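# Understanding the architecture of this molecule
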Amino acid sequence: MPLAILAERFGGIDIWNYVGYAASVIVFLSFVMTSVVKLRITSTVGSALFSLYGFMIGSIPTGVLNFGVVCANIYYLVRMKRQKDLFTAHTIDIRNDFLQDFLLFNGRDIQKYFGGYNADHKDADLAILTYCNMTAAGLLLGKDLGGGTLRIDLDYATAEYRDCRLGRFLYPKLAQMGFHHLIATTNSECEAHVRYLRSMSFTEQNGCFVRDV
């Protein structure tokens with residue numbers, strides 16, 4: 001059939017089988033991603049390769065199905081791009097029951113990204129909960145050092161919002177609260193948190209990360 005002939009001209013069936021394997025790996029990776037946007041982007045790439053693979057080996061149902069998945073992913077990606085998320089932030093008492101429940105519920109994840117963090121061993125006096133579309137999405141705990149300086153002990157975002165959006169929303173709010181110099185404490189072994197701080201324009205000084213806002 002024409003598609004089989006075309007496949008032979010462009011590397012042969014064996015080459016397209018490798019394309020199918022690559023597509024399988026990419027689609028699998030999309031299922032282990034916590035970010036919905038990254039999941040759909042990765043799924044789009046994998047499904048596009050699967051669709052091409054299906055058509056090239058003459059499996060029309062495989063090609064059509066995965067082409068449909070590509071179209072659906074693009075539709076929802078465009079829809080999410082146009083939809084504006086509502087971010088809000090509220091300061092709460094450091095002993096607030098909801099804050100303690102939030103720390104308890106996300107404790108294992110917090111330890112993963114902030115190894116060694118223990119709220120009981122900190123003298124934090126500022127707690128800010130950040131919400132996305134009225135869902136608790138992040139928590140900042142810190143200490144007001146005076147003179148417009150805030151020491152950040154914990155700047156945590158749940159998995160769905162771990163794409164720097166919360167930080168971009170919250171840090172200008174900190175400036176409005178009178179904090180213009182931020183000092184973030186972190187465990188150097190927590191590479192993910194270090195990468196986040198650098199992406200948010202923090203620079204390393206004397207074992208800490210600092211930023212002016």
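Scroll up for the structure.
Below is a summary of the structure that appears in this document. Positions within a chain are numbered from 1, following the residues in the order the chain's sequence is written. Note on the predicted model: pLDDT of at least 70 is required for a residue's local features to be given, and 80 or more for side-chain atom pairs to be given and counted; whole-chain, interface and lining totals, by contrast, use all residues. To get the side-chain values, take all heavy atoms of the structure and skip hydrogens and water.

Geometry of a packed helix pair, given as the angle between the helix axes and the separation of the axes. It is at 8 Å that the axes of helix 3 (residues 36-56) and helix 4 (residues 60-82) come closest, and there the two elements cross at 155°. Compared by their axis directions, helix 3 and helix 4 come out roughly antiparallel. Once helix 3 is placed against helix 4, the crossing between them reads as left-handed. Of the residues belonging to the contact of helix 3 with helix 4, the class tally is 15 nonpolar, 9 polar and 1 charged. To get an axis, fit a line to the C-alpha atoms, keeping to the stretch in contact for a helix; angles then go from 0 to 180 degrees between the N-to-C directions. The helix count covers DSSP runs of H or I at least four residues long, the strand count covers runs of E at least two residues long, and both are numbered beginning at the N terminus. Any angle between 65 and 115 degrees counts as roughly perpendicular, while under 35 counts as roughly parallel, over 145 as roughly antiparallel, and the rest as oblique. Left-handed describes a crossing in which the near helix is turned anticlockwise from the far one by less than a right angle; the clockwise case is right-handed. Note that Gly is not counted as nonpolar here; it falls among the polar residues with everything else outside the nonpolar set of Ala, Val, Leu, Ile, Met, Phe, Trp, Tyr, Cys and Pro and the charged set of Asp, Glu, Lys and Arg.

Salt bridges, as used here, are contacts in which a Lys or Arg side-chain nitrogen is within 4 Å of a carboxyl oxygen on Asp or Glu. For the structure shown, the criterion picks out 8 salt bridges. For arginine 151, the salt bridge identified is with aspartate 153, shortest N-O distance 2.8 Å. The closest approach of N and O atoms between glutamate 204 and arginine 198, which form a salt bridge, is 3.4 Å. Taken together, the shared-partner salt bridges connect Asp85, Asp163 and Arg165 into one network.

Here the focus is unusual backbone geometry. Unlike most non-glycine residues, asparagine 133 shows phi in positive territory, near 55°. Checked against the element boundaries, asparagine 133 lands in the loop between strand 2 (126-132) and strand 3 (135-146). To sort residues, take the accessible area from a 1.4 Å probe on protein chains only and compare it with the maximum for the residue type: under 20% means buried, over 50% means exposed, and anything in between is partly exposed. Owing to a relative accessible area of 36%, asparagine 133 belongs among the partly exposed residues under this scheme. Positive phi outside glycine occurs at cysteine 164, with the angle close to 75°. Along the chain, the position of cysteine 164 falls in the loop between strand 4 (149-157) and helix 7 (165-176).

This next bit is on helix 7. When helix 7 is considered as a whole, its buried residues turn out to be Leu166, Gly167, Phe169, Leu170, Tyr171 and Leu174. Looking one or two residues beyond helix 7, the residue adopting positive phi is glycine 178, at roughly 100°.

Only strands that DSSP links by at least two bridges are regarded as paired with each other. Ordered by their spatial adjacency, 7 strands build an open sheet running 1-2-3-4-5-7-6, and the pairing between neighbours is mixed. Single-partner strands in this sheet number two, and they are strand 1 (87-92) and strand 6 (203-205). The average undirected angle you get between the axes of adjacent strands in this sheet is 35°. Pairing analysis gives 6 bridges linking strand 1 to strand 2, with the strands arranged antiparallel. Bridged to histidine 90 within strand 2 is leucine 129. Throughout, a residue-residue contact means that at least one pair of heavy atoms, one from each residue, lies within 4.5 Å. Strands in contact with helix 7 are strand 1, strand 2, strand 3, strand 4, strand 5 (181-184) and strand 7 (208-212); relative to strand 1, the strand with the most contacts, it is inclined by about 55°. With respect to the sheet, helix 8 (residues 191-199) is in contact with strand 4, strand 5, strand 6 and strand 7, its orientation differing from that of strand 7 by roughly 20°.

Attention now moves to the nonpolar core. If you look at the biggest cluster of nonpolar residues, it comprises 18 residues, and the most contacted ones within it are Leu140, Leu150, Ile152, Tyr171, Leu174, Leu182 and Phe202. Mapped by element, the contributors of at least two residues to this core are strand 2, strand 4, helix 7, strand 5 and helix 8. Not counting residues up to four positions away in its chain, the partners in contact with isoleucine 152 are Leu140, Leu141, Gly142, Tyr171, Leu182, Ile183, Ala184, Thr185 and Phe202. Here, the term nonpolar core denotes a set of buried Ala, Val, Leu, Ile, Met, Phe, Trp, Tyr and Cys residues that are joined through side-chain atoms within 4.5 Å. By size, the runner-up hydrophobic cluster in this structure holds 15 residues, among which are Leu99, Phe114, Ala127 and Leu154.

So, on to the pairing of strand 5. As judged from the 4 bridges shared by strand 4 and strand 5, these two strands associate in the parallel manner. By the bridge assignment, leucine 150 is partnered in strand 5 with leucine 182. Seen with its strands pointing away from the viewer, a crossover is right-handed if its path from the first strand over the helix to the second goes clockwise. Considered for its hand, the β-α-β crossover made up of strand 4, helix 7 and strand 5 is right-handed.

So, about the side chain of asparagine 73. Relative to the elements of secondary structure, asparagine 73 occurs in helix 4. Owing to a relative accessible area of 5%, asparagine 73 belongs among the buried residues under this scheme. Those residues within four positions of asparagine 73 in sequence are excluded, and the remaining contacts are Arg40, Ser43 and Thr44.

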